[in-house]
Structures are given as C-alpha cells and as structure tokens.
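Residue-level structural notes
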Amino acid sequence: MYSFRNDYSEGAHPKVLQRLIDTNLEQTCGYALDPLSDAARETVRRVCAAPEADVHFISGGTQTNLLTIAAFLRPYEAVIAPYTAHISLHEAGAIEATGHKVCAVETPDGKLTAEMVAEEGMDVDQEGFKALMEEQRARARKAREALGDLGWAGVEFGKDVPSTEFVGYDAAQVEGAKVVALVVENELAEAMMPGVEGIVVLDKTPFYAEMGGQVADHGTIFAAGVDFEVTDVQKNKGGKYMHYGKMAEGTLKVGDAVSARIDAGRRKAIMRAHTATHLLDKALRTVLGDHVHQAGSLVEEDYLRFDFTHFTAMTAEELSRVSQEVNRAILEGFAVEAKEMPIEEAKKTGAIALFSEKYGDVVRVVNVGGGYSVEFCGGTHLDNSAKAGLFHIESEFSVASGVRRIEAVTGKRALEEMNRFQDMLFQAAAALKVKPIDLKEKAGQMVAETRELRQTIEKLKAKEFVSEADQFLMSAKQVKGLRVFSMSRSGMSADDMRKMGDFLRDKDATVVALMASVNEEKITFLAVCGKEAVAKGVKAGDIIKTIAPICGGKGGGKPDSAMGGGSDLLKLDDALAALDDFVNEKVN
C-alpha cells in the first residue's frame, strides 16, 4: 500500500513514484478496502503524471490527510499482506519514511524498492518495515489458529481457479502442471519465496488427497531451480487439491509450469495397507458372519486400522483364522481391478458400500480376485494382492458398544515385526540352550518344574510354620487363663503372617498373638485371638486399634483376626510390650 500526503509539491519526483507503483503493483492481487474517491484518484494521477490505467488502482481509502492506494505487495519471505508506506513529498526533495511510515519492500525479482529510492537520494527505514512485517505475520498466524484445522482450508479461491484433475491412479509423476493458485499466511498470493510454508494448487496432480480413511501422498512439486516439499494434501469442496508444504528452493509463481512427483515408495506402502484392508473386511465376514460391517478405517504406510460391528471380543482362534484367510488371499495373487461405473450398475455387482458415505451417480469399484472382494472405493490400490507381501494382526479391542477395532501391519512393517519376533525366539532358545523348534517343549518342562518347586516350598513353609508355632505357644505367657505372646520378624510377607496367624488361632482357642513384620522401614501388624480369648472380651480388632497408633499407624479388623501398619520403628518394642497390659485390662 502506498500513501501520498496532500501537501505534496506537484510534479516532485514523479519518476520514482511511478516506478514504485509500477514495480510493486505489477503482480499484485486485490484487497477489499473503502474505494478511493475520485478526488483521491485524480491527486495520485497528477503526482505520478500517469493515466489511471498505468497507476493500477485496486482500492483504497483516506486516513487523516493521507490518500491511500490499497494493494498487496510482495515483501520478503513472500508474505502477502497489506502494508502502508506513507511517502511524504517535501519541497526539498527528500522522502522521509520512519517508524510506521515504511516504504522498504522487496520486489519479486529480489531487488529492494529501497535501491530505487536511493537512486533519487531518498532514505528508507528498513528496520521499521521489518517490525511491521513481523506484526502482520503474528496477526495472520493468530487468525489461522483461531480457525483450527480449517485455517488454510477455508481460503476462497474463486471461480477463476479451476478444479484439479487427479491423475494419480495411473501416474506417480506429471509434467507440465500449471500453478493455478498459491496461499501464504491464509491469503491468496502471486508468489512463494524460499523457506515459506503455504499451499500450492495445480490444474492436475498425481498426489492423492486425504479422504476415505487413506492418508495423503507426500512428494515434491518442482521446476528448474524450484523445489516445494509436499507434506499433506487436502481436497476442498470445489475440487481443488491443496498441496501443503514448504518452499525448499527457489520462488514459485502463479502460472508457472511445474512437475509434480509423489514419494513412490510411500505410495506403495499405503496401497499395500489399503488392499489388505479390503481383504480383512472379507475375512471378517467369512469368519464372524455377514453382520460385520465397516465402521471406520485408517490407512497409512504399511499400517491399517479397521473398525467393524461385532457384539463381542474376538477369540484367539478367530483372530488366527482371520489372519490366515487374509494371508491366503495375498498368496493367491488375486488381480485387483478398479473401474468407474454408474452407481446402479455397481450395486448389481454386489459391491459393498459404506452407509455413512454419500455417493454420486458414478462410483469407483475395486474388485479383488474377480469377485472375491468387491467394494466402492476411491483410494489407491495394488494391481495384485500378492504385492501386499505379508499381513499381521497386532491388536483387537473395543472402541464403542458393539464396535471392535483391529490394528494390523503389512509389507515391510509386517516383515519387521516378524524379524523382531524371530530375534526374540532365537535369544530365548539360546538362553535355554535348545533349538528354536524345541523351545515350546522346553518352556512346558520349565513351567512344570517351577510349579513342582513352588509346591515343595509351600510344604516346607507349612512345616516351618508348625515348628515355629509350637515354639511360640511354648514360650507364651499365661495371662488370666490365656496364652499371650508377641514377636517380630524382618521381611515376612503379609500372606505368610496370615497363614501363621490362622494356624495359631486354630491350634489353641486360648491364644492371643501379636506379630510384626518390618519391610523397607514399614511395619505390618497382625493380631489373632482364639475363640476363648474372644469370649473373654479380648478381640484382635481392638488390639490393632490400640497397638498400631504407638508406632504412628492404624488398622483394624474382625474379633479373631485383624491387621494394621506403622512407620516408627523405634517404638516397635514398646508396641509389642503393650500387649500384656491390654489383655490384663480387657479380662479384668
């Protein structure tokens, strides 16, 4: 945008003003502002000494005593945004552009407007311009963030931008494609500079846009000295394929002829997963029944996620049968054919359609194996099922009521999984000193031996408990007709404590026992009371409620058995010693 003060000296510097306007408005696009008044237009024409057509008026407005021509300029980094350059024409012939009054911009051919004004002895505030540039970028980013994922997708291209012809079913590269639109910072642009992120729209493309569960292609749009790296592709409602990415090299302009090339290796991996998805759908119907319907999918590089209707979790046997059926279809080397046809004709073929999808009068039908699997599908596929290589189910789980999900891998990723499992098999076999083929038998032997050893240990522990219990009972004090004792041991598990307590309680009806075990500076208490002890008013729950607080803990339980905890190890002896007084008090 350029602004001229009313207090100009008529005829002063008409040459530089003409050059500024001609150079920077030569390849600009319009921006709706208040229209310039006839008086404003006449003033600028007289200053530039040029007819209106040569001035390239787009739109504009007035601001205090400034007359403004509104246009999009091309600043460096190709951020297309309106800027106001207030050029003050003084009788002395100097141009002052300071602070917010900025006229330093970069033209498409890379030359600074500052160079032209310098020829006329004028000064430019480039730092002020850069500051305003950054402010504009921040505003544009904030506006796009407010729109979320729809930010750049919401650009209105207009009727002059044609729909994109997709040629990617048959070609991985296209030559002579035309750049029909560019978007930078959420605005239409005429050029895109190096390092800038934006959108490129072509009149034809081999890039598949994300849709139908299949992710978009990646690749490059290039020409001599130009390289735009494509990282995503979206198709808008107007049929324009929006190639998202970043200018890695050179400058791209609207109207340029370019070549477009997808990442062929990545496309092949996606096709393997997509064709395998159709085979999985068929296998699920075969194994589980015709009630199975697709409820969603995601197709990426050698990875697929398939949601389907089913009333319960699949068994290991069902998953195995599904996996075998898919791999059988792969090994059959079924031909995969895709054909567009009227929808009514497609329905007669028995092709499966998604209830959630809306189809036009003409649909694309993918037929695997001459009728083995027939589905409506606009995605990219292999020409032969054998090229999927290998199919491996990684997981099956519920995602909603009546909806299950299978995650699986194909091709290279499936081979990587197989190699990983094979490495684990070899390592396990080496550790057990057997051949991999004998690993299952060896594992079974070890499980049986481990089970037998555990049973032996339990028997030994039981004998040890009996021996210890007898020793405890022999050392117990007689208090009002009850056999009272307390003990502590380090590292005894709560389970072992309960077993010991149950044995003591069942062996002697008069027993009152308090046990403590210390593990990692924490105390676990167990109190047990025989039937006669409970009848005399001595209850295990009351013992724990009294004893545990001495060690800074708490607990409780039933009259014949209770547990608690504590943390103050220094008070443990005092807590155990308090049992005798507790029993005396209760019995009295």
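Attention here is on the structure that accompanies the text. (Residues numbered from 1 in each chain as written. Predicted model: local features only at pLDDT ≥ 70, side-chain atom pairs only at ≥ 80, totals over all residues. Heavy atoms only, no water.)

**Examining the pattern of salt bridges**
Applying the stated criterion across every chain yields a total of 20 salt bridges. Here arginine 272 makes a salt bridge to aspartate 302, at a shortest N to O gap of 2.8 Å. Of this pair, arginine 272 sits in helix α6 (residues 264-288) while aspartate 302 is found in the loop between β17 (294-300) and β18 (303-309), placing the two residues 30 residues apart along the sequence. Judged by relative accessible area, arginine 272 falls into the buried class, the value being 12%. Taking relative accessible area as the criterion, aspartate 302 reaches 3% and is therefore assigned buried. We note a salt bridge from aspartate 560 to arginine 505, for which the minimum N-O separation is 3.7 Å. (Salt bridge = Lys/Arg side-chain N within 4 Å of Asp/Glu carboxyl O. Helix = DSSP H or I, 4+ residues; strand = E, 2+ residues; numbered from the N terminus. Buried < 20%, exposed > 50% of the residue type's maximum accessible area, 1.4 Å probe, protein only.)

**Details of the sheet that holds strand β19 (residues 336-342)**
Taken together, the three strands give an open sheet; going across it, the order is β19-β20-β21, and neighbouring strands pair in antiparallel fashion. The open sheet has two edge strands with one neighbour each: β19 and β21 (373-376). Along the sheet, successive strands turn relative to each other by an average axial angle of 25°, direction set aside. Along the sheet, α6 makes contact with β19, β20 (362-368) and β21, crossing β21 at roughly 115°. (Pairing = 2+ DSSP bridges. Axes fitted to C-alpha atoms, helices over the stretch in contact; angles between N-to-C directions. Contact = heavy atoms within 4.5 Å.)

**Structural notes on the side chain of asparagine 236**
For asparagine 236, the location among the structural elements is in the loop between β13 (226-235) and β14 (241-249). Overall, asparagine 236 belongs to the buried group, its relative accessible area being 17%. Within the structure, the side chain of asparagine 236 is placed 2.8 Å from the backbone nitrogen of lysine 240, a separation counted as a polar contact. Asparagine 236 has contacts with Phe157 and Met242, leaving out every residue within four places of it along the chain. (Polar contact = N/O pair within 3.5 Å; in protein donor to acceptor, adjacent residues only side chain to side chain.)

**Thoughts on helix α13 (residues 540-547)**
Inspection of α13 places Ala540, Gly541, Ile543, Ile544 and Ile547 among the buried residues, and these make up the whole buried set. The buried residues of α13 occupy one face: seen down the axis, they fall within an arc of 160°. Residues of α13 that are buried in the fold lie against β26 (511-519), β27 (522-529), β28 (554-557), β29 (561-566) and α14 (572-587). (Arc of directions from axis to C-beta.)

**Side note on the pairing of strand β7 (residues 173-184)**
Pairing geometry for β7 and strand β16 (residues 257-262), over four bridges, is antiparallel. What sits directly across from valine 174, in β16, is alanine 260. Here β7 pairs with strand β10 (residues 197-202) via five bridges, running antiparallel. Bridge pairing in β10 places valine 183 opposite isoleucine 199. One ladder, built from three bridges, connects β7 with strand β8 (residues 187-189); its direction is antiparallel. When the bridges of β8 are listed, leucine 182 appears paired with alanine 189. Where β7 hands over to β8, the hairpin turn is made up of two residues, of which glutamate 185 adopts a positive phi near 50°.

**A short note on the sheet that holds β17**
Reading across the sheet, the four strands line up as β17-β18-β23-β22 and stay open at both edges, with antiparallel pairing between neighbours. Among the strands making up the open sheet, the edge pair consists of β17 and β22 (391-400). Within this sheet the neighbouring strands show an average axis-to-axis angle of 15°, counted without direction. Note: β17 against β18, six bridges, orientation antiparallel. Residue serine 297 lies in a different strand from β18, and its bridge partner there is phenylalanine 306. With respect to the sheet, α6 is in contact with β17, β18, β22 and β23 (403-410), its orientation differing from that of β18 by roughly 30°.

**Things to note about the nonpolar core**
Considering soluble globular proteins, one finds that nonpolar side chains tend to be buried as a cluster. Judged by nonpolar contacts, the single largest core of 37 residues is most densely connected at Leu280, Leu284, Leu304, Phe308, Val322, Phe391 and Ile406. Those elements that place two or more of their residues in this core are α6, β17, β18, α7 (316-332), β20, β22 and β23. Apart from residues no more than four positions distant in its own chain, isoleucine 406 is found in contact with Leu280, Leu284, Leu304, Arg305, Phe306, Phe308, Met314, Leu319, Ile393, Ser395 and Glu396. Val179, Leu182, Val184 and Ile262 belong to the second largest nonpolar core, which has 27 residues in total. (Core = buried A, V, L, I, M, F, W, Y, C linked by side-chain atoms within 4.5 Å.)

**A closer look at unusual backbone geometry**
A negative phi angle is the norm for most residues apart from glycine, just as the trans form is the norm for most peptide bonds. In the Ramachandran plot, lysine 480 falls in the positive-phi region, its phi being about 50° despite a non-glycine side chain. Among the structural elements, lysine 480 can be located in the loop between β24 (477-479) and β25 (482-490). A positive phi is found at glutamate 520, a non-glycine position, where the angle reads about 50°. Among the structural elements, glutamate 520 can be located in the loop between β26 and β27. Residue glutamate 520 is classed as exposed on the basis of its relative accessible area of 78%.

**Description of the packing of aromatic side chains**
Per the counting criterion, the structure on display carries six aromatic pairs. A centroid spacing of 4.9 Å and a plane angle of 85° characterise the contact between phenylalanine 166 and tyrosine 169, whose relative ring orientation is edge-to-face. A relative accessible area of 18% means that phenylalanine 166 is categorised as buried. Each ring, one from phenylalanine 306 and one from phenylalanine 308, has its centre 6.2 Å from the other, and the planes form 20°; the classification is stacked. By the burial criterion, phenylalanine 306 is buried, and phenylalanine 308 matches it. Connected via pairs of aromatic rings, a cluster forms that spans Phe166, Tyr169, Tyr208 and Tyr241. Over the ring of tyrosine 372 we find lysine 282; its NZ or CZ atom is 5.5 Å from the centre of that ring. Positioned above the aromatic ring of phenylalanine 421 is the side chain of arginine 420, whose terminal nitrogen or guanidinium carbon lies 4.8 Å from the ring centre. (Phe/Tyr/Trp six-rings, centres within 6.5 Å; stacked < 30°, edge-to-face > 60°. Lys NZ or Arg CZ within 6 Å of the ring centre and 35° of its normal.)

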